[in-house]
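# An overview of the molecular structure
The primary structure of each chain is shown beneath.
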Amino acid sequence: MDVKGYQWVRWRLWLCRLMAPLSLGLLLLVFHWRPRLSILLRCCSCPLALADILLIRDSFGEQHVVEVLTEEMDEGRSDTDSHHSNVFQKTLLRYYLYEGLRYVWLDRKGAYCPVSVLSEDWTCKDLHGFQRGLSLEEQVLRRRIYGPNLIDVPVKSYMRLLFEEVLNPFYVFQVCSIILWTIDNYYYYASCILIISILSISISLHEIRKQSTTLRNMARFVTNVTIRTNSGEEQCVSSLDLVPGDCLIIPQEGLLLPCDAALLGGECLVNESMLTGESVPVLKTSLPSADGRFSADSERRHTLFCGTQLIQAKGGRSDGTGAVAVVTSTGFFTAKGRLVSSILYPQPTNFRFYRDAAKFLLFLAAIALGGTVYSVVLLASWLELVVRSLDIVTIVVPPALPAALTTGTIYAQRRLKKLGVFCISPPRINISGKVSVFCFDKTGTLTEEGLDVWGVMEGGPAGFSELVPDPRRLNPGPMLSGLACCHTVALLRGQPLGDPLELKMFQSTGWVNTLICVLLHCFCQGVGGAVAIVGRFPFSSTLQRMSVVTVAPGGQSLLLVRLCVSVPVHFSSTLGHFSADGLRVLALGYKPLDANTDFRSVERELLETDLTFLGLLMMKNLVKPESAEVINMLRLANLRTVMVTGDNILTAVNVAKSCGMVGSDEKVIFVKATPHTPHSTPTLRFSLGDGGSAQDNTEVFTQGLYQAGFGYHLAVNGRSFAALCDHFPEYLPKVLMRTTVFARMAPEQKTQLVKELQKLNYRVGMCGDGANDCGALRAADVGVSLSEAEASVASPFTSKTENISCVPLLIREGRCSLVTSFSLFRYMALYSLIQFCSVLILYTMQTNLSDLQFLFCDLVLVTLLAIVMGRGGPSSALHPSRPPASLLALPVLGSLFIHTCVIVTGQVVALLLTTSQDWYVPLNATRPGEDNWPNPEDSSVFALSGFQYIIMAVVVTKGHPHKEPLYRNGLFLLLLLLLFSVMAWLVLDPLPAVSSVLQLFTVSDMNFRLLLVAVAALNFMISFMAEVLIDLGVLDCLRLLRGRRPSKKRYKQLDGVLSDTPSWPPLNRTLSPSESSVIYLS
């Protein structure tokens, strides 16, 4: 963030206060809309340390104004944490609040920093030192610095919401329009719009308040907790008073955690579904006491997160019950706080449709200016000139446009909810219609969540034994003990809970029914006797392993590890064989420990060395039946699919082939990049493999590997991806363009991959089901979480369906919503242009539409049609082309221009037909417009414009290929027939009372009336045929005049470059960073 400091200038303040009433509040309105201007006019720049007001520019370029707050503090110094001393040696604490986060002034850094920086350098050993508790003075001091431990979502009063809503530019425009219409004697119309605006504001306020209250109830949580002080006493305090460094005592029955904390003693079974959507409870173990810096992200298995439910705690206290933890983050700095903040303050949606909508409104404003100039020529009275000119602005710039654009999104959101897909970010629905690449997690997303044990092979120095299909047949020994103990399965009310893979592995040993827990230790009992688990090092995505410390009946301690170093001969070929068959392969190893080894204080890396290899466990992970069908559907729709998994690369390639991401006739090229080491330089190599075997390059060329299209796919693992990012940035875009399988990817690498794809101008979708995918789900343009929860803060979309069939459903709804938004935008623009033409033509004839004629057109015709038009559902199939997102494209602008010409021509023809009749009597130009009602000019123009509103609703409503045909929208079709009948009745044979109310001129000539209907029918035929021809690409011939322009999207430019580069990728060549070729993209 860019932060600038300002101080109040007294004389400027008083001058602005004086100008506010003199400008009738306009200055305050401008200050409300442009906070930066209010600061520049009332303040002067100053150093940050002296500032009263701060102007913040965030990473998206938006500006915010915040006030600097101060708080008196007692002089003192912390003996516990030297990092705090630079803050509270001063008697005055200076800080500000931004998006819920507290930023404090640090003299040593000369800047405002998040208060979390005061604890960011804590090591794991420092956290263990906090187990003795904080003193009372230290707690009070930290509470002042860190503030209350509360995720407080502001719920504004109705009066404040009303004030902010009314000051919205849209409603300010509405208020000015109503005042103008009242001055112009349009009392009925002004009254109806006022009533509608009041209803709209009331509904909006109710929804905003309801959403804020719901989010506040979800986010705000206050409870009583037990902490330990430095005197050794345990106190019951409010969770509001918790600060980083507090020693938290967790009861055996667990609790709903009000902060982030590092688990230092014991084990906890935690339900994290609220944060991650992962329904399987997770076992958290004690944090090792090491010198490395503590990070909640890298130590997730030892971190208890705010908002998660601790189901059970044990082994942390002297009696073996409960657990001990140290608070690491509070308030909005917790994991839950960051997620709530992302909902409260979402990043701006950079979507072309919304940008073009704003530009098109400026275009309509320019048309209004042209109409104003025309009015100057026609009107003599200055008052009438001002009123009529402003009236033209209210006609051309439709005030209902913002509401109309959300109609399609609202209908799509309702349809998705009925189908089990819940959305917490409605603007993302339109964006999902433009997704060009979709990333999928593997386990639990493309494949079944559970795995079946396929077999076990024991290993030794001489090689592997025969495959044992059932682990129960293994002889008692370390291998069987490893399968039974190397897991984080916990027992809750007699039922084992844990990761599905570990449950299957555990159950396969036959020891499941004898799992019991006594105080600190877990005992697994089977054929070989009982084995006690006395320590666990949970699975680490960075280390790619987990381990446990066990004690056998004879008292011998063993370290059992799911991964090892010393391996038998033929290990690589055996592993490659099983992985290529799509099996999940786990390696087990062990080593005896000295009885006096204190595994709690020894670093994990030292324990997990010099291991003896035990064998391999193979598990079969079946592809879900729906996966192949959905992937094929997406490929036929020209949507690129990518797999992002933490599994082995060969297993991932096998699954990619099984589900259709990689075709049977397509080759897989493995990308291997190595980082810089003290003994070697970075290298990059592309090798063709099929199950690990290389093939001759000649065969590759003859099979068309380098021809245009995806004749080949790249596969890369997490280590190579990191090396590519660090050492081969020139090659990274090309690799991303052709890679389909990303394996062994850590959670942060998944997020990085999504961002790198977005840099290539892809609209990225991400579908996952677990905690490892949360970062990528939030970073993606469209994130879909497969979860049983109705709504998860982990991603914009949550699907109750346990497979990826929700993805094409979401894309179809997104395309339908985007097409509907386009149709509604064009309709509202044409509605304004129809009325604009009517008014200017009637101004020329010294008259105008009557009050109730305006009301009838706007409410009965346009509003009803706009509401019902968006009800059409999506097409049943995904089309290969995506709908356009630009409103300024040639087909859109060309269509509007042609229809406007037809509209003007139709109304002019109607007027000329009227003036050419024998019974026509010209208007008295000396009388004002309302005194000339009813008159034939007004009635004929009103009649034809009424038909044009209905005609344009039919013409701009798109069906094929992204929406259902118009006739499938029964309510819309019925309304069209009804309104057409009403207009025909008003033209051909209206009741005298209706004619009187609407100020319609009674024409006795039936031939003339039928002629008006015929003109309307001709108008419909011309407009409909013009739209059909535009859809068929007639306007594309105009593109030939300017020549073909290259796409601005980087991935399309790269695709063209790669298609024209027959020698890429360079197979079986070792490349260094200096050899990397640069593709220049302007």
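In the block above lies the structure referred to throughout.
Since the structure is predicted, the reported quantities are computational estimates derived from the model, not experimental observations.

With that settled, the discussion passes to the sheet that holds strand S4 (residues 63–67). Read across the open sheet, the four strands follow the order S2-S1-S3-S4; overall the sheet is antiparallel. The outermost strands of the open sheet, each flanked by one partner alone, are strand S2 (43–46) and S4. Neighbour-to-neighbour, the strand axes of the sheet open up by a mean angle of 35°, direction not taken into account. Pairing of strand S1 (residues 2–8) with S2 involves four bridges; the strand directions are antiparallel. Across the sheet, the residue bridging to tyrosine 6 is serine 45, located in S2.

Moving on, we come to the side chain of arginine 738. You can see arginine 738 is positioned in helix H25 (residues 732–738). Assessed through its relative accessible area of 2%, arginine 738 is described here as buried.

Of all seven residues that make up strand S6 (residues 92–98), five are buried, and the element is covered over most of its length. Two elements, strand S5 (residues 69–72) and S6, share four bridges in a ladder whose sense is antiparallel. Note that in S6 the partner of glutamate 71 across the bridge is leucine 93. In this structure, S6 lies alongside strand S7 (residues 101–106), joined through four bridges in antiparallel fashion. Within S7, the position partnered with leucine 97 by the bridge is arginine 102. Taking the residues between adjacent antiparallel strands as the criterion, S6 and S7 are bridged by two residues, where glutamate 99 takes a positive phi near 55°.

For the structure shown, the criterion picks out 20 salt bridges. Between arginine 293 and aspartate 121 there is a salt bridge, with its nearest N and O atoms 3.6 Å apart. Here arginine 293 is found in the loop between strand S14 (282–284) and strand S15 (303–304), whereas its partner aspartate 121 is found in the loop between strand S8 (111–114) and helix H5 (124–129), with 172 residues between them in sequence. Residue classification places aspartate 121 among the partly exposed residues on the basis of a relative accessible area of 36%. Arginine 142 is the salt-bridge partner of glutamate 138, the closest N and O atoms lying 2.9 Å from each other. Of the two residues, glutamate 138 and arginine 142 are both situated in helix H6 (residues 136–146); the distance of four residues between them amounts to about one turn of the helix. Overlapping salt bridges bring together Arg826, Lys958, Glu1027 and Asp1031 as one network.

About the cut-offs
- Residues numbered from 1 in each chain as written.
- Predicted model: local features only at pLDDT ≥ 70, side-chain atom pairs only at ≥ 80, totals over all residues.
- Heavy atoms only, no water.
- Pairing = 2+ DSSP bridges.
- Helix = DSSP H or I, 4+ residues; strand = E, 2+ residues; numbered from the N terminus.
- Axes fitted to C-alpha atoms, helices over the stretch in contact; angles between N-to-C directions.
- Buried < 20%, exposed > 50% of the residue type's maximum accessible area, 1.4 Å probe, protein only.
- Salt bridge = Lys/Arg side-chain N within 4 Å of Asp/Glu carboxyl O.

Read these as spatial facts, not as claims about activity.
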